[in-house]
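Structure assessment
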Amino acid sequence: MNIKPLYNRVLVRRLQQETTTAGGIIIPDTVKEKPLEGRVVSVGTGTRQKDGSLRPVAVSEGDRILFGKYSGTEIKIDGEDLLILKEDDVLAVLIEG
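To keep things clear, this report deals only with the structure shown in the data block. (Residues numbered from 1 in each chain as written. Predicted model: local features only at pLDDT ≥ 70, side-chain atom pairs only at ≥ 80, totals over all residues. Heavy atoms only, no water.)

Quick look at the sheet that holds strand β6 (residues 73-77) now. Ordered in space as β6-β7-β1-β2-β5-β8, the 6 strands form an open sheet in which the pairing is antiparallel. The open sheet has two edge strands, β6 and β8 (90-94), and neither has a second partner. In this sheet, adjacent strand axes meet at a mean angle of 45° when their direction is disregarded. Summarising the sheet, strand β1 (residues 9-14) and strand β2 (residues 37-43) pair through 5 bridges and their orientation is antiparallel. (Pairing = 2+ DSSP bridges. Helix = DSSP H or I, 4+ residues; strand = E, 2+ residues; numbered from the N terminus. Axes fitted to C-alpha atoms, helices over the stretch in contact; angles between N-to-C directions.)

This is the structure:
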């Protein structure tokens, strides 16, 4: 199923969290927190300004982002857990390289 967020919303796939620490200790599922990092799957068209112009969303598909712990709405599409965030909930874009 294809899904396109509306306006200034962003569809995000959470990135998997590490299962072991740097020292080799395995982290059990009961104490793992949900990752605050994800990959943008799809973005909305942007927001309308007062003058009628369209301001596009600042992130684009494929960007790796950081978002707040309690941000967004979790949804399940085709058995996959995704997150819909407002553009304001995106804290930073991680630049790889």
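Along the polypeptide, Ala58 turns up in the loop between β4 (54-55) and β5 (64-67). Owing to a relative accessible area of 65%, Ala58 belongs among the exposed residues under this scheme. Each C-alpha atom of the pair Ala58 and Val90 lies 9.6 Å from the other, and the pair is 32 residues apart in sequence. (Buried < 20%, exposed > 50% of the residue type's maximum accessible area, 1.4 Å probe, protein only.)

What follows concerns the pairing of strand β7 (residues 80-86). In this sheet, β7 lies alongside β1 in antiparallel orientation, the contact comprising 4 bridges. Across the sheet, Arg9 pairs through a bridge with Lys86, a residue of β7. Of the pairings in the sheet, the one linking β6 to β7 comprises 5 bridges and is antiparallel in character. Following the sheet pairing, Ile77 is matched in β7 by Glu80. As consecutive antiparallel partners, β6 and β7 are separated by 2 residues, and within that stretch Asp78 has a phi angle of approximately 50°, a positive value.

The next point concerns unusual backbone geometry. Phi is positive for Tyr7, close to 50°, though the residue is something other than glycine. Topologically, Tyr7 is positioned in the segment before β1. Even without being a glycine, Asp78 presents a positive backbone phi close to 50°. Along the polypeptide, Asp78 turns up in the loop between β6 and β7.

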